[in-house]
Amino acid sequence: MMLHRRLDSLIPLVLGALALLSTACAKDTQYISGTSLDGVTTRLALDRTPALYTGDFGDCLGGQSLLNVTKFDAALYYDNSTILFHLDGTTNIRNESIMLYISVEAYGESRFSMTVNPCNVNIYSMCPLSAEQPVEAFALFPIGPQQVSGIPQIAYEVPDIEGYARIQIFANSSQTEIGCFQAVMRNGNSFAQPESISTVLGIFTAVAVIASFATAAYGVSIPHMRSHYAHSLSVLVIFETFQSIFFSGALSLPWPSVLPAWWSNFAWAAGLVPSSNVARSINPFVGVSGNASQVGGAGSTVINNQGGLTQQIYGRSFLSNLATQITSKRVPEIVQGTISAMTKREPYDPNNSYDYNWNGSPVQPGMPLPGDWTGFTGELSELSIPGSNAFMVGLVWLLVALGLVVVFLVAFKCSLEGLAKMRWIKQDRLEYFRSHWTGYLSLAILRTLFVAFFSITTLAMFQFAIHGSAGPTTIAAIVFVIFIVGMGGLVLYALHSRLRFGTFSIDPDRILLRRGKIFGCLPCVLPIRLSQLKEEELGEKPVGSLPFVRWHFIDNDPNRTNVHQDEEYIKRFGWLYARYRLSRWWFFACWLTYQFVRACFLGGGAGNPLAQVFGLFIVDILALVVIAALNPYEGQRNTALAVWLLGLTRVATTGLSIAFLPDFNLNRIILTVIGVIIIVIQGLLTIAVMILVIIGCISSWMSLSRNREYFSSEMLEGVRIRYFEHIAQRATDKPPPPKPRSKSKTDPKPNSSGEVPELSKEPYFTVTSVRRAPKIEDEDDDYLAEINLSPIAGGATSVPSPMRRASRSASVSSRHSVSSLPRGARVHRASWSSRDFSQGQLDHDRPTALVRQRSGGLGHIRTNSPNIAAVLQGQPSVSSLRTGTSVPGSRPMTPTKEVPEAQSSLGEVKELEKDTENECLEDSQ
């Protein structure tokens, strides 16, 4: 108790000491009073962020400025009506009087300008400009509303303001521009949020990868696993979506600043993860050199021209000459002062109220001028990746991704084995994956390379287009050939392995133009091939037609197992085609071709923006039409994302990008608005991807519960059953059965007594009797006695019963055949009907089916009953598909229940056949 009281008394002391310590360590914020441009006076903190400020800066004379600058900061403080200017650097000019011209340009127009004489604002380090004294210019200029009236109010709030601040230095003696430095303008708002957007998208993608892998690894029946895997959201389509968004900036167009900032959030999907360490390590190999701590091009010789510039001297760099002087021990006082000024700027000091951290840095070597977002290099500048480094950075991160795939799969397999040995999981848990994990590993590597095909080929062709150094260009050529030959060869080999046992046939066909509706409401003329029409649709008169041909494959063995049931083919090439429909399993070849064509336009067409944009636009439109007509995916989510959402987004993005062509010379504000529209379209696509990932995880969860009799969520139990039925129906690649007709508004409604009034009868006709002409057989008494029929008078009218009418409709001819035998002759037998043929074939196949059943050949049972065949194959029966009712064979079979259910179904078939044989025996007796 005493100890408890002492602790209670010590707690206030400890808290007080911590408060004093935090107060002592806290930054002493200082305040000033200021009046804004709106005339509002308030108390302001010294360390506040200005309304507009500069970021990274570079030499706008292409490295020919006669100054080396290590710091260039400019800011507009709207709240106290001042402009800050800060410039540090050195020069090699002996003595020169200069003038400064400071300007701000936003959205293609000059918004602010000011001419400054450094001698009038007490910038003594530039009055005059001398090599003996480092430049340390810092000044605050008061301004009025008229001076910044050109800057619109929206510029202080809109994300990624498109503008830059520029300072130009002119020599008074020669009136020559001797220095120019430019820095990008910012306002603190940006669409570039890699810490949040990229992280969230990466998490969703990782969840989709896990869900897709789970459906591919869970189960023991390969065809059954494939059917569930086909309905999981494709990771290839997710990466294709993000890569398509990012590589929209590969078009050689002058983009508004909002678009590269938005696209930078998707760079990781293309293998371009921003990392300064990776970029710096690659710079020497790709030939990028320079001093990252300064910008400018001051020569190595100190110029002394008695106050005037007469020439510019080009020689060795200042640093190399400086090293020579240090080695020879001839370091003058001028160079000593220059060394201190050229060092990298001091880091931000949070305890200094007059210091700030909103400033930019000298642009990295190989980067474009800040404020220029033209083409792919402008987009890469948001990632601080030089254009010449793009391919090598993408290749490095591809190798890292392949290593992570190997590590994760091996670690997962080892963890499963460890958990099984410790009996934390069942011994047969994921048994198929554990016994075939090496095959999964090889296919995962191939799938990763397949996902990276578009990105790597685009970057490789971009490397060819920029004519980079020999080293990275050679590696790009080797990798490009490996991907084209490797992936293309695998695709051709997969096609050859399946199609070598057949031939292709070209038959004449026609394209019919028929009236129809798109989206269920818009009337239009739709093309359809004549060979695709059903017999009942031929009666509708088309608007017109065009000659066409039908190219189709004819298998040498019509009874060959289809690709979705061929286990060996699924094991080898399921990573290519498993998600496509049965009739579109070859679509992976079309996808690879389409991605290669897009890569050629985006990466290789950088030199001709007009052909690049219009060519890609036409390709995207044709691809949308062709892919929509083929409808290749088996799962509805993959169809919605890959065919419609992604296809329409590509067409819209490329079409809107035409407005950015310099030939049109549109206003930059209008182009910024178009850029925001593109961001909205692509943002909605991204949200749709995340929603589909969530739905895909739920469906994968249902697929993993297919061995359970009951689902863990009672609310989703009915959804799960319908989902399994949907999977079974889609696996057949046939259109779903028609839904029952819903009541329309024109249907009669029950009256007050509950009775439905009868509709007025309309004109109609019906057949109630048939007049039959006498036959030759009717005159033969012996034949009539044999078949237990009495002679029918020639003019008698026969009214058949319903049973007899049904039998007559099923027959191919009349009950008694008409022959050319003479009158009174006896025919051998009446004509055969289709029912007789069906019954005879059933009787013929029963012994063979029984023999095959006893030998265990379930996969080759032939039966004329569609319901029995569906039960044996683990699919819904025809009657259940039509009516929607649940029958014993309609529920999809599970891997662990496939054999028991097949055996029970086999027992039911045996009993049915035994009863049928007994009935036939009794009838014959």
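Residues numbered from 1 in each chain as written. Predicted model: local features only at pLDDT ≥ 70, side-chain atom pairs only at ≥ 80, totals over all residues. Heavy atoms only, no water.

Moving on to the overall build of the protein. When its secondary structure is counted, the protein shows 26 helices and 16 strands. Counting across all 925 residues of the protein, residues that qualify as buried make up 42%. Contacts in the protein between residues far apart in sequence, at least 24 positions, make up 70% of those at least 6 positions apart. Total accessible area on the protein is roughly 50,000 Å²; 60% of this is exposed by carbon and sulfur atoms. (Helix = DSSP H or I, 4+ residues; strand = E, 2+ residues; numbered from the N terminus. Buried < 20%, exposed > 50% of the residue type's maximum accessible area, 1.4 Å probe, protein only. Contact = heavy atoms within 4.5 Å. Areas by Shrake-Rupley, 256 points an atom, 1.4 Å probe, with all protein chains shown as cover.)

Per-residue confidence for the protein gives a mean pLDDT of 78, with 70% of residues at or over 70. Confidence drops under a pLDDT of 50 for residues 1-26, and excluding neighbours within four residues, the segment shows 1 contact in the predicted structure. This model gives residues 789-832 a pLDDT under 50, and the stretch forms 57 contacts once residues within four places in sequence are excluded. (pLDDT = per-residue confidence, 0-100.)

Next up on the list: unusual backbone geometry. The omega angle of the peptide bond from C127 to P128 is -5°, so this bond is cis rather than trans. Its place among the elements puts P128 in the loop between β7 (109-116) and β8 (135-142). For S81, which is not glycine, the phi torsion reads 60° and is therefore positive. Positioned with a positive phi, N631 is a non-glycine residue whose angle comes to about 50°. In this structure N631 comes out as partly exposed when scored by relative accessible area, which is 27%.

Time to look at the pattern of salt bridges. By the definition in use, this model includes 15 salt bridges. Across the salt bridge formed by K71 and D88, the nearest N and O atoms sit 3.9 Å from each other. Of this pair, K71 sits in strand β4 (residues 67-77) while D88 sits in strand β5 (residues 82-91), placing them 17 residues apart in sequence. Taken individually, K71 and D88 each receive the classification buried, so the pair is uniform in this respect. In this structure, the salt-bridge partner of R111 is E109, at a minimum N-O distance of 3.6 Å. Residues joined by salt bridges that share partners form a network here, namely K413, E417 and R434. (Salt bridge = Lys/Arg side-chain N within 4 Å of Asp/Glu carboxyl O.)

So, about the packing of aromatic side chains. If you walk through the whole model with that rule in mind, you get 37 aromatic pairs. When the ring of F213 is compared with that of Y440, the centres are 6.3 Å apart and the planes differ by 75°; the resulting orientation is edge-to-face. In this pair, F213 is assigned in helix α2 (residues 194-217) and Y440 in helix α12 (residues 437-451), connecting sequence segments 227 residues apart. Using a relative accessible area of 25% as the deciding quantity, one classes F213 as partly exposed. Relative to F483, the ring of F453 lies with its centre 6.5 Å away and its plane at 40°, an arrangement referred to as tilted. Taken as a pair, F453 in helix α13 (residues 453-465) and F483 in helix α14 (residues 470-499) lie far apart in primary sequence, 30 residues in all. (Phe/Tyr/Trp six-rings, centres within 6.5 Å; stacked < 30°, edge-to-face > 60°.)

Okay, the packing of helix α18 (residues 636-657) against helix α19 (residues 668-704) next. For the pair α18 and α19, the least separation of the axes is 10 Å and the interaxial angle reads 170°. By the criterion of interaxial angle, the relationship of α18 to α19 is roughly antiparallel. Together, R637, L641, L645, L646, T649, A652, T653, L656 and S657 of α18 and I674, I677, I678, I681, Q682, L685, A688, V689, L692, I695, G696 and S699 of α19 make up the contact between the two elements. Looking at the contact of α18 with α19 residue by residue, the classes come out as 14 nonpolar, 6 polar and 1 charged. (Axes fitted to C-alpha atoms, helices over the stretch in contact; angles between N-to-C directions. Parallel < 35°, antiparallel > 145°, perpendicular 65-115°, else oblique. Nonpolar A, V, L, I, M, F, W, Y, C, P; charged D, E, K, R; others polar.)

Within the secondary structure, F614 sits in helix α17 (residues 609-630). Sequence-wise, F614 and I658 are 44 residues apart; in three dimensions their C-alpha atoms are separated by 7.5 Å. Beyond its immediate stretch of four places on either side in the chain, F614 contacts I658 and L661.

What the rule picks out here adds up to 2 disulfides. The disulfide bridge from C60 ends at C180, spanning 1.8 Å between sulfur atoms. Sign of the S-S torsion, about -110° for the bond between C60 and C180, identifies this disulfide as left-handed. Of this pair, C60 sits in the loop between β3 (52-59) and β4 while C180 sits in strand β10 (residues 176-186), placing them 120 residues apart in sequence. (Disulfide = S-S within 2.5 Å.)

What follows is about the side chain of N283. With respect to the helices and strands, the residue N283 is situated in helix α6 (residues 276-286). According to the relative accessible area criterion, N283 is buried, its value standing at 13%. The residues touching N283, leaving out its near neighbours within four places in the chain, are V288, P386 and N389.

Attention shifts here to α2. Along an α-helix, residues three or four apart share an orientation, since each turn contains 3.6 residues. The terminal C-alpha atoms of α2, which comprises 24 residues, lie 33 Å apart, in line with the 34 Å expected from a rise of 1.5 Å per residue. Every buried residue belonging to α2 is among S198, L201, T205, A208, A211, S212, A214, T215 and A217, and all of these are buried. The inward-facing, buried residues of α2 contact α3 (222-229), α4 (235-246), α11 (431-435), α12 and α19. Looking one or two places after α2, you find G219, whose phi comes out positive at around 130°. (Expected span 1.5 Å × (residues − 1).)

Here we come to a nonpolar patch on the surface. Residues V676, V680, L684, I687, I691 and I695 make up a contiguous nonpolar surface patch of about 500 Å² in total accessible area. Along the chain, I687 falls in helix α19. The exposure class assigned to I687 is partly exposed, which follows from its relative accessible area of 44%. (Patch = residues over 30% accessible without salt bridge, like charges linked within 9 Å, V, L, I, M, F, W, Y side chains within 5 Å.)

Here we take up the sheet that holds strand β12 (residues 502-518). Taken in spatial order, the 3 strands of this open sheet run β13-β12-β14, and their pairing is antiparallel. The outermost strands of the open sheet, each flanked by one partner alone, are β13 (522-529) and β14 (544-555). Across the sheet, the mean angle from the axis of one strand to that of its neighbour is 25°, orientation sign disregarded. Pairing of β12 with β13 involves 8 bridges; the strand directions are antiparallel. Each residue of the ladder has a partner; that of G516, found in β13, is C524. (Pairing = 2+ DSSP bridges.)

Before going further, it helps to examine the nonpolar core. F246, F247, L272, F376, F391, Y577 and F588 are the most contacted members of the largest nonpolar core, which totals 111 residues. Among the nonpolar cores identified, the runner-up in size contains 47 residues, and F57, I83, I161 and I167 belong to it. (Core = buried A, V, L, I, M, F, W, Y, C linked by side-chain atoms within 4.5 Å.)

Relative to the helices and strands, V693 is located in helix α19. Those residues in contact with V693 that sit more than four places away from it in its chain are F204, V207, A208, L233 and I238.

A word on the packing of α4 against α19. Where α4 contacts α19, the axes come no closer than 11 Å and their chain directions differ by 165°. Classified by the angle their axes make, α4 and α19 are roughly antiparallel. Between α4 and α19 lies a crossing of left-handed hand. Of the residues in α19, those in contact with I238, T241, F242 and I245 of α4 are Q682, L685, T686, V689 and V693. Looking at the contact of α4 with α19 residue by residue, the class counts come to 6 nonpolar, 3 polar and no charged. (Left-handed = near helix turned anticlockwise from the far one by under 90°.)

This next bit is on α12. With 15 residues, α12 ought to run about 21 Å at 1.5 Å a step, and its terminal C-alpha atoms sit 21 Å apart, in line with that. Those residues of α12 that fall on the buried side of the exposure criterion are Y440, L441, R447, T448, L449, F450 and V451.

Mapped onto the elements of the fold, S252 is located in the loop between α4 and α5 (258-263). Among the polar contacts made by the side chain of S252, one reaches the main-chain carbonyl oxygen of A606 at a distance of 2.9 Å. If we ignore the near neighbours within four places in the chain, the residues touching S252 are G375, A606, P609 and Q612. (Polar contact = N/O pair within 3.5 Å; in protein donor to acceptor, adjacent residues only side chain to side chain.)

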